[in-house]
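One-letter residues, chain by chain:
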Protein chains: 2
Amino acid sequence: MKSVLIALATLLGWSIATEAQTPYDCVNPLIGTQRMGHVYPGATVPFGSVQLSPDTRYLNMYQQQKYVPEAYAYCAGYQYDDTTIYGFSHTHFSGTGHSDLGDFLLLPLSGKPNWDSILKGQERPYHRFTHSDETAKAGYYRVKMGSPAIQAELTATPRVGIHRYTFPEGESAHLLLDLVYNIYNYEGKNIWSFVRVENDSTLTGYRQTAGWGRTRTEYFAMRLSAPISEYGFERMDQSPYQGFYRKFNERRNFPEMAGKDLRLFLSFEPANQPLVVKMALSSVSTASALRNLEVEGDPKSFDNAVIDARNAWTQELEKVKVETLSKSDRISFYTALYHTMLSPTIYEDVDGNYKGLDQNVHQSTGFTNYTVFSLWDTYRSLHPWFNIHQPARNQDMVKSMLAHAEQSVHGMLPIWSHYANENWCMIGYHAVSVLADALVKQGPFADPKELLKWSHKTAQVPYFDGVGAYRQLGYVPEDKSGNSASKTLEYAYDDWCISVIAERAQNDSLQSYYRKASEQWTRVYDPISGYVRPKLANGNFKPDFDPLDTHGQGFIEGNALNYGLYVPQDIKGMVTKMGGEKAFRKRLDYLFEIELADKYIEKNEDITRDGLMGAYVHGNEPGHHIPYLYLFTDQPFKTAQRVRQILREKYLDKPDGLCGNDDAGQMSAWYLFSALGFYPITPGSDEYVIGSPLVKSAEIQLDRGKSFRIQTVNQSEKNIYVKSIRLNGRKLENPVIKHEQLINGGVLTFEMSPTP
Amino acid sequence: MKSVLIALATLLGWSIATEAQTPYDCVNPLIGTQRMGHVYPGATVPFGSVQLSPDTRYLNMYQQQKYVPEAYAYCAGYQYDDTTIYGFSHTHFSGTGHSDLGDFLLLPLSGKPNWDSILKGQERPYHRFTHSDETAKAGYYRVKMGSPAIQAELTATPRVGIHRYTFPEGESAHLLLDLVYNIYNYEGKNIWSFVRVENDSTLTGYRQTAGWGRTRTEYFAMRLSAPISEYGFERMDQSPYQGFYRKFNERRNFPEMAGKDLRLFLSFEPANQPLVVKMALSSVSTASALRNLEVEGDPKSFDNAVIDARNAWTQELEKVKVETLSKSDRISFYTALYHTMLSPTIYEDVDGNYKGLDQNVHQSTGFTNYTVFSLWDTYRSLHPWFNIHQPARNQDMVKSMLAHAEQSVHGMLPIWSHYANENWCMIGYHAVSVLADALVKQGPFADPKELLKWSHKTAQVPYFDGVGAYRQLGYVPEDKSGNSASKTLEYAYDDWCISVIAERAQNDSLQSYYRKASEQWTRVYDPISGYVRPKLANGNFKPDFDPLDTHGQGFIEGNALNYGLYVPQDIKGMVTKMGGEKAFRKRLDYLFEIELADKYIEKNEDITRDGLMGAYVHGNEPGHHIPYLYLFTDQPFKTAQRVRQILREKYLDKPDGLCGNDDAGQMSAWYLFSALGFYPITPGSDEYVIGSPLVKSAEIQLDRGKSFRIQTVNQSEKNIYVKSIRLNGRKLENPVIKHEQLINGGVLTFEMSPTP
């Protein structure tokens, strides 16, 4: 097989082990796979439905844990420090801090596996591997594992995962298809599985799980390049009603299997050819999965699929061309750009059918349907980034959200859209921010009245997370609904976004209603302590307040010092209320410089030393706008200091290179904006504030043949301060650019300086 | 409400408590509900998808059994001896001896139910009732129950169950919707349930179960005539992963519920109107159920639905007009006719979509799709009866079987088609008999080559129930596959049916192959003992043979004496082999006259004293042709004796009127043929043998305006012997008529006599 690999490498022009050059070559999917990043290193295409990636463990870890994984570390199925692979599954979230998926784990085995014990889960097969035998590229993953070594290669089309397994010569080849395996597994998560061996090289089936996505079914169709010589399964159900199936030897070579917990083996005669497996997914049915397979999978050889995946990635990556100060920066930049295209994911079949939130099958008419909206994270920078880099997709994402709302029995836009489920994760109704931002930046690509209708419905569901009380009292009372200060701040911001939509929809009364509601953040500001604090239903602030504590203080995954600065819709008002420019700047200094006691850190998995600068938490989202708040103080240059410091310290071109969960691309989108020198501090407005570019130059390819260029003068590691900014040669008076200016193309020139 | 009832009764022209007159009035759905019949008394339309019927218990029974019902007695959910109703569910098998279904149990309650304890299953609500407060008609059921009494009325359209509940005046009204309830329940049978409260008077949802039908999902859409004032649920899951749903008070007035085991309550303000509930079913989706509701349910008032159901029944019942010797006979006849139209059931939505065996959604193009094919029972008389009474439907049933085969991963026609499942119940592949019988009697309504293709595939699946060995050895060896003698006999008959199809398809080689295979019944005939006996793989008969025992003797639900006479494809050959006409007649005499020892009876729930005449078992199917075998002996007149005796003793116009499970209409179809004086002793041939008519006259309405009349001369209780038979005035030489003679219309005249 070596010759095939070299041929492939040549074909693709991979500069393996030489200097990274093209954007494609700069992407390193292993960055962020160590510890906190929660990204996966496997194969996918931009926004692809299939994320085919290795699932790993420390050997001793799963011996101890009886195959129930330690959940948090394995949100993406893979940890860089691990030494064993126990399969390749087809669905993975990128960067999340809670998880699910891991559908349809395949593990190639040679020799004579003890199927009886493996299928019953008494023995867990795996392969040892080291990173020297591993290659991860955008859309391609390869590993040699075990002894004698089996080589596994992975690639993908939007809806099909493609495996190529090269077995030791002369050895028989087997596959374990493990439908028991789950990411974030627990007893009873598997609801039902169903598998048919349609013929000697085709399987179909599905699995329903009740996890983070409570009612989630994934269908598959699988094509093998060699005929199956023998197969069988075991069913681990606690209540294995056998019915009249007892009349068969169902366990071996019987083509129909069903039950809660299934494991299958497929055996093949020894062959000189590698075994290619194509696994298509669908949310609709096995018939639809088969159609996806026929359209996307069957016509492609493995090698062609790798080339197509590379081309797809290259096309998206090369929309942004950067010159950087170092090779490291170039790798960080393009890997961040790669990370922004791992979700949301396409959630429809080749014919446009998809399963909706109501569990019915819908047709996406006039748009492509997407899922995986981790909105509490991604409205901040990722969707704003899409309005520049992926405007058409972001329109489709908005339309997917509207479809979600239409299918919602609550009439609500998504909070966290999860494979035809709403998992309700985190707080706020930030879809309205995405709608407002897209509408303001892209114009009325959808009927503003429609956007307003669903935004208004969403914001008025009284049983949702304290909203009823919020509407009644003007704030969320802590004694009625926890994390009330966070909720009040975010609802107020979200309401401002709705007012923006209402303005575009020319609905004066709703515009004024929501504009007024957006001022309600002041209701939880305590002028005595100077902090945003949780209030009780009786109107008093909750006593025993500690602005550094992240628990029980009215904030979710944050504290008052940090999260309490969340008023993006009225930053100037907040600064004034908190004592004016100087006092506010001192508050920021304190935030970035304090040494946080251990007791404030150990309690929260989202707030770790890795992501901290003083008490500022870059590893989590609520503070992502904070470094830019200096711009509104008497020392605006400190934004440049903080931003450059974060870009340098919190994003590294190594497996441990992310300081917290990438959170479906939000952390990476922050990097992209900040490295380019501007940031959408208030999503839903058409303005970006100016930070401190890290790149030497950049060219962003826009729609309709236009491009936007960023140039720097005197850019260097030390020249972090922006001395002047010119747009198309004309000097900007304020450190602000408008989206319209950007999108019309042109040149933004930063003159850099070593002093503020 | 009384006035409404009287008005309705007047409208319908019900002759309550007066002499039964019209065929509709002669139908008594309570016949067969006591003990063994396993029919249900509730409301349905001919071949309707919805069977809305009360589910009952002895009060003490369910106190003792913690609400897990004693399964066998409750195959149809109802037992006449019971004193309490605990709800009305929407799906019921008719007459089966194993069961499932019971979907979506509704129970009306007034007053202040203790929901907390009811929903958690700690308290089981029910209503006492007596039969004096109960009325059951075709398509309509009414009961007054509890104190203060709630009146429940039920009716149905093909896909919608309609309830009308009249609550005590001024009392608040509630419904319990119990998704935990199942017929044939056991721990873990519920796989998943999903319910949405779409608005204040509409619910949708579904339930998946793993029972006799292993992967079965039923969807519903439910419309209420009054707005829900409050609702709530409990989830009984063992592994209740709550996820981020914890942020809601999901249990009350939260419109989205999911879990394995759900119970809901719906409350209504007191009202002067009865509460009407319309529950539409679908196999496809809640959207499809809603469409079914909109098309069939919404436009109809309860009263109109009752009238439409009555008209539908009247139309089908009046296709056969009989004069009988007594009112009892008339009731038995029309109730039997009613029982033949309770299954197979329509299994498609108003738009022709249905869930197929492959779990995908299919469209029935050019036919109506049916399910519930209990073929080991129904190929004998029910489907032959359909070729006279329901020829168009029987064609569609055949086409449904072909669709089933196309969707089968085994490429097999149904064995027991069960709501998009194959439950594999009983033995043989008797769909081929239905195909052959329909083809021979109705001509090539479908391509005979297509029928042959699927029949041949079905008969050649080597892993199916001993077929591999049967093809190899010419018989099923008992040591490889149990009940081998039964299987060998039935496969041989089925193979004869395939040869008939092959003949019509002009495939000589398959015709001759299967004709030859049909002779293989001789391989299990032991000339020494004179009995069909199970043979071992080594070619020897299995030792320790007891021709009276029904267990371990190579027969399923029968013994050698009885089941060993199953060679319908070559009755004359069998008679010859078993010693000729006289010896064979003596064998039949012995069979009918022996007093069977208790030890042979107690072991088998399908063979009870009720159904026995000597060792002949009328309560079960394998011997249904046996009374007609006398026709092939030296004393053919004994057929008349036996048939009349069975008609008199085994079919009674009272709740305990069926001597065994009605078996999806097979027992009743036997009655119809026998009462009319002829019987399809060899389904797949175009001939009927003549028995002894019980009716005085009959007229069967045929297609294309034709009719077939049966007349008798000197018919009486004592004149049981047929002296002569004339067809259109011409005397028949042999006691045989051909289907073609019947279907062309005409008059068959029996001259009856008190002596043979």
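Residues numbered from 1 in each chain as written. Chains lettered and ligands numbered in written order. Predicted model: local features only at pLDDT ≥ 70, side-chain atom pairs only at ≥ 80, totals over all residues. Heavy atoms only, no water.

A. Up close: the overall build of chain A. Across its full length, chain A holds 21 helices and 35 strands. Against the compact-globule benchmark of 27 Å for 756 residues, chain A has a radius of gyration of 26 Å, which places it among compact chains. Here chain A holds 756 residues, and 69% of them are scored as buried. Contacts spanning at least 24 positions in sequence make up 70% of the contacts within chain A whose residues lie at least 6 apart. Each charge sign in chain A was given a centre, from 77 positive and 86 negative side chains, and these centres are 3 Å apart. (Helix = DSSP H or I, 4+ residues; strand = E, 2+ residues; numbered from the N terminus. Rg over C-alpha atoms; globule rule 2.2 N^0.38 Å. Buried < 20%, exposed > 50% of the residue type's maximum accessible area, 1.4 Å probe, protein only. Contact = heavy atoms within 4.5 Å. Lys, Arg positive; Asp, Glu negative; His and termini not counted. Charge placed at Lys NZ, Arg CZ, Asp CG, Glu CD.)

B. Structural context of the interface of chain B and chain A. Taken residue by residue, the interface counts 51 residues in chain B and 50 residues in chain A. With both sides pooled, the region where chain B packs onto chain A buries about 4,600 Å², and carbon together with sulfur makes up 56% of that total. At the junction of chain B with chain A, the criterion picks out 4 salt bridges. For K247(B), the salt bridge is made with D465(A), and the minimal N-O distance between the two is 3.3 Å. Inspection of the region where chain B meets chain A yields 22 residue pairs in polar contact (both at pLDDT 80 or more). Elements with a minimum of two residues in the side of chain B that touches chain A: β10 (190-199), β11 (202-209), β14 (256-259) and α5 (286-297) of chain B. For the side of chain B that touches chain A, the leading source of residues is β10(B), giving 6 residues. Across the side of chain B that touches chain A, the residue classes tally to 25 nonpolar, 14 polar and 12 charged. (Buried area = accessible area lost by both parts, 1.4 Å probe. Salt bridge = Lys/Arg side-chain N within 4 Å of Asp/Glu carboxyl O. Polar contact = N/O pair within 3.5 Å; in protein donor to acceptor, adjacent residues only side chain to side chain. Nonpolar A, V, L, I, M, F, W, Y, C, P; charged D, E, K, R; others polar.)

C. Main features of the state of the cysteines. Counted by the stated rule, this structure contains 0 disulfides over all chains. Unpaired in terms of disulfides, C497(A) finds its nearest cysteine sulfur in C425(A), a separation of 20 Å. In this structure C75(B) is a free cysteine whose sulfur lies 10 Å from that of C425(B), the closest cysteine sulfur available. We classify C75(B) as buried; its relative accessible area is 0%. (Disulfide = S-S within 2.5 Å.)

D. Fine view of the pairing of strand β29 (residues 687-690) of chain A. Inspection of the sheet shows strand β28 (residues 678-679) of chain A paired to β29(A) by 2 bridges, in the antiparallel sense. Paired with F678(A) across the two strands is I690(A), which belongs to β29(A). (Pairing = 2+ DSSP bridges.)

E. Highlighting the sheet that holds strand β17 (residues 320-323) of chain A. Residues and elements named next belong to chain A. The 6 strands are arranged β17-β30-β31-β35-β32-β33 in an open sheet whose pairing can be described as mixed. Edge positions in the open sheet fall to β17 and β33 (730-731), since each of these has one partner strand only. Two elements, strand β32 (residues 721-727) and β33, share 2 bridges in a ladder whose sense is antiparallel. Of the residues in β33, the one forming a bridge with L727 is R730.

F. Looking closely at unusual backbone geometry. For the bond running from S147(A) to P148(A), omega is -5°, close enough to zero to count as cis. The topology assignment puts P148(A) in the loop between β6 (140-145) and β7 (150-156). Positive phi outside glycine occurs at D465(B), with the angle close to 45°. Assignment of secondary structure puts D465(B) in the loop between α12 (448-458) and α13 (467-473). Phi at D544(B) takes a positive value of approximately 55°, unusual for a residue other than glycine. If you trace the backbone, D544(B) turns up in the loop between β25 (531-532) and α16 (560-563). Overall, the relative accessible area of 70% leaves D544(B) in the exposed class.

G. Seen up close, the sheet that holds β28(A). Judged by pairing direction, the sheet is antiparallel, and its 3 strands sit side by side in the order β28-β29-β34 (chain A) without closing on themselves. Each edge of the open sheet carries a strand with a single partner, namely β28 and β34 (736-738) of chain A.

H. Structural view of the nonpolar core. Counting residues in hydrophobic clusters, the biggest one holds 163 residues, and the most contacted among them are F333(A), Y429(A), F464(A), L676(A) and F678(A). Among the elements that line this core, the one with the most residues is helix α14 (residues 484-504) of chain A, at 11 residues. Residues within four places of L676(A) in sequence aside, it is in contact with V322(A), F333(A), W385(A), P693(A), V695(A), A698(A), I700(A), I710(A) and F750(A). Core analysis: the second largest hydrophobic core is formed by 162 residues, F254(A), V322(B), M426(B) and A615(B) among them. (Core = buried A, V, L, I, M, F, W, Y, C linked by side-chain atoms within 4.5 Å.)

I. Local environment of α5(B). All names here are of chain B. Among all positions in α5, only T286, S288, A289, N292, L293, E296 and G297 are buried. Viewed along the axis of α5, the buried residues span an arc of 155°, placing them on a single side of the element. Among the structural elements, β8 (160-166), β11, β12 (216-224) and β16 (275-282) are those in contact with the buried residues of α5. (Arc of directions from axis to C-beta.)

J. Broad picture of the relation of the copies chain B and chain A. For the match of chain B to chain A, the screw axis carries a shift of 0.0 Å, the RMSD comes to 0.0 Å, and the turn is 180°. Look at the turn and shift together and you get a two-fold axis relating the two. Residues of chain B ranked by C-alpha distance from the rotation axis are headed by I191(B), positioned 3.1 Å from it. Both copies share a contact surface, since 98% of the interface residues of chain B are interface residues in chain A too. (Least-squares fit on C-alpha atoms with pLDDT ≥ 70 in both.)

K. Region of interest: the packing of helix α9 (residues 382-389) of chain A against helix α20 (residues 666-676) of chain A. Residues and elements named next belong to chain A. It is at 8 Å that the axes of α9 and α20 come closest, and there the two elements cross at 55°. Of the possible angle classes, the one that applies to α9 and α20 is oblique. The hand of the α9/α20 crossing is left-handed. Counting all contacts with α9, which are made through L382, P384, W385 and I388, the residues of α20 involved are Q666, A669, L672, F673 and L676. Looking at the contact of α9 with α20, its residues break down into 8 nonpolar, 1 polar and no charged. (Axes fitted to C-alpha atoms, helices over the stretch in contact; angles between N-to-C directions. Parallel < 35°, antiparallel > 145°, perpendicular 65-115°, else oblique. Left-handed = near helix turned anticlockwise from the far one by under 90°.)

L. Structural context of the side chain of D589(A). All names here are of chain A. One can find D589 in helix α18 (residues 580-593). Using a relative accessible area of 9% as the deciding quantity, one classes D589 as buried. Of the polar contacts made by the side chain of D589, one reaches the side chain of K638; its length is 3.1 Å. Setting aside residues up to four positions removed in sequence, D589 forms contacts with Y630, Q635, K638 and R642.

M. Geometry of the side chain of S282(B). All names here are of chain B. Here S282 lies in strand β16. Given the relative accessible area of 2%, S282 is considered buried. Discounting residues that sit within four places of it in the chain, S282 has contacts with E218, Y219, S288, A289, N292 and D349.

N. Representation of the packing of helix α7 (residues 327-339) of chain A against α20(A). Residue and element names in this part refer to chain A. Where α7 meets α20, the axes come as close as 8 Å, and the angle between the chain directions of the two elements is 130°. Between α7 and α20, the angle is such that the two are oblique. The way α7 lies across α20 gives a crossing that is left-handed. Two secondary-structure elements touch here, α7 through D329, S332, F333, A336, L337 and H339 and α20 through S668, Y671, L672, A675 and L676. Broken down by class, the residue content of the contact of α7 with α20 amounts to 7 nonpolar, 3 polar and 1 charged.

O. Here's a closer look at α12(B). Within the span of α12(B), buried status applies to P448(B), L451(B), L452(B), W454(B), S455(B) and T458(B). Where α12(B) begins, one side-chain oxygen reaches toward the backbone nitrogen of K449(B), 3.0 Å away; that side chain belongs to D447(B).

P. Examining the pattern of salt bridges more closely. All names here are of chain A. Counted according to the given criterion, the structure contains 73 salt bridges over all chains. For K738, the salt bridge goes to E687, with nearest N and O atoms at 3.5 Å. With K738 in strand β34 and E687 in strand β29, this pair connects stretches of sequence that are 51 residues apart. According to the relative accessible area criterion, E687 is partly exposed, its value standing at 33%.

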